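Examination of the molecular architecture
Here is how the chains run, residue by residue.
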Amino acid sequence: MKARIRRLPRSLINRIAAGEIIERPASVVKELVENSLDAEATRIKVEVAQGGMERIAVRDDGWGMVEEDLSLAVQPHATSKLASVDDLSAIETLGFRGEALASIASVSHMEIFSQTAGASSGQVLKLVGGEPRSSFSQAGTPGTYIEVKHLFFNTPVRKRQLQRPATEMAHITKCVRELALAHPEVSFQLSREGKEVLFTSGHATLDQTIVEVFGPDVMSELLPIGRPDGEFSGFIGSPNLARSRRDRQFFILNGRAIHHVGLQVVVERAFEGFLPTRRYPLIILQLRLPPQRVDVNVHPTKREVRIAQERELTGRLYHAVKRTLLGMSPPEWDLRCQSAGDAVGRCSEGRASTSRESQVRYQLSSIDGGDHGRDESGGHPLLSEQLVVLGQVDGTYVVARGPDGLYVIDQHAAHERVFYEKSLDALDNAEPARQVLTAPYAYEASPEEFETWLEAGEILEKMGFEVEPFGDHTLLIRAVPALAGETLSPASLGDVLVRLGSESAGQDPHHAAAALAACKASVKAHDPLSDVEMRELLKALGTTNKPMTCPHGRPTVVVLKKDAIDRLFRR
Ligand code: ADP
Ligand code: MG
C-alpha cells in the first residue's frame, strides 16, 4: 500500500543535497575555498591527506564568523550572501545557496574554528555526520579553519565510487589551480601529505600566477587575447602547447571557475586549421560581465552558468582568438635544439607543430611588425613580395631568402594550404569547378561508405563530384572536382567518404572534405619543381588566409633569422 506523505528529516535532506554537491573530495575543496574567497581572504592554505579521503583542511584569513553565525553556518539554507529574491538576479558572491557546509558536515567528521577580526578569541564547533558534538571558545588568529575527516564515512556507496588517492588528488590540484588562476590577488598554498605542491604569491597579475601554476616555460608560448578592461581577457597557448586532453582550459567568469561548452567549442573552432584533430589548445580566459547578465542558479555545484547574449559574446571571442592566431609569425629555428648531433630545428613531419621537444617557437611579434589587429582577409603579402626563391632541397623543401633570414617552405604543406582554401571557396560557390569524365567510373562502396554518401552527398556535390547510386553498393561517378587545374582521381572518392565518415562526427564536414581534397591534389614530397612553379607556389601561399599552417595544423614555413645564423657562426 502507498505510504503516507511526510516531511523528510533535516539529516536526510542534507545527505540528499550532499549527493549532488559533494561528488568527490575536490568538491569539498572547491566549496570551502569559495567560502574563504567570499570572506575576502588574502591567503588560503589547503592541506590534503590520502587524496582528501582521510583529511582536507582549509585555513583562511578572511572575516571569520561570530559564535551565533557559526552554528547557523552548518544549517541548510542558511547564508549571509542572499537576503531577498532580488539578490538572486545579480549574484556577486561565489556561494548563495547556503547548502555546502551543511552538506559536507552531513557526510563527514567536521571541525570548524572561526574568529572575527578584533575579537580576543574564536569558537570551535565539532560535528559528526552533521550532528554537533561539542562547541567551546578558544583563542586563535582571525579567520576560519575547517577540517573535514573521514569523508563519506556514512555513505558507503559514494565512498566506493572514489578513485585511487592519486587520482582524487589530481582532481583537487586541478580545482585549486583553477581557483588560483581565477584569483591572482589571493595567495594559495596546497600541500599533500605535508609537502607543498602548489604556491601562488597573490601578487595580482594573471601572468605571474600562470607562471607560478604551470612553470616559467609556458610564458613564452602564451598569446594574449582581449583587453584587461574589456568583457574578456587572458591567454591562448600557441599550437606548441596543445595537448591530447582538455586539462589546460580554464574559463573564469566574474571570479568563478565555470564549465561552459559553448565557450570551449568556440575557442576550439577558432583553432581549426591551426591544430591537428584531437589536440586541444591551452586557454585561460577571464570574463567580466555584469552580474545581471549571468544566471548561476542553474546547478547545485554552481559550475554551469547561463549567459545573456551569449552568441554575441562567443562571436567576439571567436574573432579575437582567430586574429591572434593569424598574427603569429612562422616558427623559428631554435638554436637550443642544436645539441649533440641534433639537426638544427629538427621538425619531423606531422609532429613539428605539436611536439615540445622540437622546440619550434611561435613568436609573439609577427615578422612584418607584430600587427595583431590584422583582419582575416589580410593574408602575409610578405611571402610573395619579399621572398626570393633560392632553390629546392631534396625535391621537398623550397628555400628562399627573406628580409630577415632564411625561409624553408614545405612544398606539400604549402600546396595543401592553397588548395584547401580554394576548395573551401568552391564549397561556397554555386557552380564548383569540375571535370566531367568521358566514361562514368563505377565505385564499389562498402556499406559504411554508402551510408556516408547518403548523408554527405550534398557536400560531395559542392566539391565537384557528380555521383549517383547504381544498385545498393555501387556509386557511379560522372564528374570529379577540379582544383586549380588539378583534377582528383575518381578512385579518391573512397578516401573522401572514409574521411568524412570518421571525422564528420567531431568536425566541420566542409573542413574535412576540403582538407582531404587539398591533400590529394597537392604536390608530394620529392616532386621536383621548376623555379616558376616555386615562385607561383609562394605567391599563392601568400594570398591565403593562414599561410603559416597546413589544414592539419602543421607549419608550412620555418624561418632561420639572421641573428640566429650569426650565433651559429659565433659572430
Ligand atoms: P553559502 O556559501 O552558499 O552561503 P555555505 O554553506 O557554503 O553557503 O556557507 C554558509 C555560510 O557560512 C556562508 O554564507 C558564510 O556566511 C559562512 N561561512 C562559511 N565559510 C566561511 C569562511 N571561510 N569565512 C567566513 N564565513 C564563512
Ligand atoms: Mg559556500
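Above this text is the structure in question.
These notes cover the structure that comes with them. (Residues numbered from 1 in each chain as written. Chains lettered and ligands numbered in written order. Predicted model: local features only at pLDDT ≥ 70, side-chain atom pairs only at ≥ 80, totals over all residues. Heavy atoms only, no water.)

1. Some points on unusual backbone geometry
One non-glycine residue, H77, adopts positive backbone phi at about 55 degrees. Relative to the assigned elements, H77 resides in the loop between α3 (67-73) and α4 (100-106). Phi at Q309 takes a positive value of approximately 55 degrees, unusual for a residue other than glycine. You can see Q309 is positioned in the loop between β15 (306-307) and α9 (310-326). (Helix = DSSP H or I, 4+ residues; strand = E, 2+ residues; numbered from the N terminus.)

2. Quick look at the site of ligand 1
Taken together, 19 residues form the shell around ligand 1, and within it N35, T79, S80, K81 and G98 come nearest. In this structure, an oxygen atom belonging to ligand 1 sits 3.0 Å away from a main-chain N or O atom of R97. Here an oxygen atom of ligand 1 and a backbone polar atom of A100 are 3.2 Å apart. In isolation ligand 1 exposes 530 Å². Once the protein is present, 93% of that is buried. Listing elements by their share of the shell around ligand 1, those giving two or more residues are α2 (25-38) and α4. Here the residues of the shell around ligand 1 are counted per class, giving seven nonpolar, eight polar and four charged. (Near = heavy atom within 4 Å. Polar contact = N/O pair within 3.5 Å; in protein donor to acceptor, adjacent residues only side chain to side chain. Areas by Shrake-Rupley, 256 points an atom, 1.4 Å probe, with all protein chains shown as cover. Nonpolar A, V, L, I, M, F, W, Y, C, P; charged D, E, K, R; others polar.)

3. As for the sheet that holds strand β2 (residues 55-60)
Strand order in the open sheet formed by eight strands is β5-β4-β3-β6-β2-β1-β7-β8, with mixed pairing between adjacent strands. Across the chains shown, the open sheet's two edge strands, defined by having one partner strand only, are β5 (131-138) and β8 (195-199). Ignoring strand direction, the axes of neighbouring strands in this sheet form an average angle of 15 degrees. Running at roughly 10 degrees to β2, α2 makes contact with β1 (43-49), β2, β6 (143-149) and β7 (187-192) of the sheet. (Pairing = 2+ DSSP bridges. Axes fitted to C-alpha atoms, helices over the stretch in contact; angles between N-to-C directions. Contact = heavy atoms within 4.5 Å.)

4. Quick word on the sheet that holds strand β11 (residues 249-253)
Within the open sheet, the five strands sit side by side as β9-β10-β13-β11-β12. Their pairing is mixed. A single partner strand is all that each edge strand has here, and the edge strands are β9 (222-226) and β12 (256-258). Strand after strand, the sheet turns through a mean of 20 degrees between neighbouring axes, direction not considered. Here five bridges tie β11 to strand β13 (residues 283-287), and the two strands are oriented parallel to one another.

5. Overview of the packing of α2 against helix α6 (residues 165-182)
Running from amino to carboxyl end, α2 crosses α6 at an angle of 25 degrees, the nearest separation of the two axes being 8 Å. Taken as axis vectors, α2 and α6 run roughly parallel relative to one another. The hand of the α2/α6 crossing is right-handed. Residues P25, A26, V29, K30, V33, E34 and L37 of α2 form the contact with α6, whose own contacting residues are E168, H171, I172, C175, V176 and L179. (Parallel < 35°, antiparallel > 145°, perpendicular 65-115°, else oblique. Left-handed = near helix turned anticlockwise from the far one by under 90°.)

6. Details of the nonpolar core
Core analysis: the biggest nonpolar cluster contains 57 residues, and V33, I44, M110, V148, L181, F188 and I210 have the highest contact counts within it. For this core, the element with the highest residue contribution is α6, accounting for eight residues. Formed jointly, this core draws a minimum of three residues from each of two domains, domain 1 (10-199) and domain 2 (221-326). The next biggest cluster of nonpolar side chains, apart from the first, holds 33 residues, and it includes F232, F251, L285 and V321. (Core = buried A, V, L, I, M, F, W, Y, C linked by side-chain atoms within 4.5 Å. Buried < 20%, exposed > 50% of the residue type's maximum accessible area, 1.4 Å probe, protein only. Domains from an automatic or database assignment.)

7. Topic: the pattern of salt bridges
Considering all chains together, one arrives at 18 salt bridges under this definition. Measuring nitrogen to oxygen at the nearest pair gives 3.2 Å for the salt bridge that ties R227 to D229. As far as burial versus exposure is concerned, R227 and D229 are alike and both exposed. Counted as one network, the salt bridges with shared partners bring together K30, E31 and E34. (Salt bridge = Lys/Arg side-chain N within 4 Å of Asp/Glu carboxyl O.)

8. Concerning a nonpolar patch on the surface
Side chains of L8, L12, I13 and I16 sit close together on the surface and give an oily, nonpolar patch of about 330 Å² of accessible area. Checked against the element boundaries, L12 lands in helix α1 (residues 10-21). Looking at L12, the relative accessible area reads 38%, which means it is partly exposed. (Patch = residues over 30% accessible without salt bridge, like charges linked within 9 Å, V, L, I, M, F, W, Y side chains within 5 Å.)

9. Details of the packing of aromatic side chains
The description of an aromatic ring pair uses the distance of the two centres, along with the angle that the planes make with each other. Using the criterion set out here, one finds two aromatic pairs in the structure. Ring centres of F214 and F250 lie 6.0 Å apart, and the angle between their planes is 55 degrees; this geometry places the pair in the tilted category. Taken together, the positions of F214 in helix α7 (residues 206-214) and F250 in strand β11 put the pair 36 residues apart, joining distant regions of the chain. Exposure class is identical for F214 and F250. Each is buried. Geometrically, the ring pair formed by F450 and W453 is tilted, given 6.0 Å between the ring centres and 55 degrees between the ring planes. With F450 and W453 both in helix α12 (residues 447-463) and three residues apart, the pair spans about one turn of that helix. (Phe/Tyr/Trp six-rings, centres within 6.5 Å; stacked < 30°, edge-to-face > 60°.)

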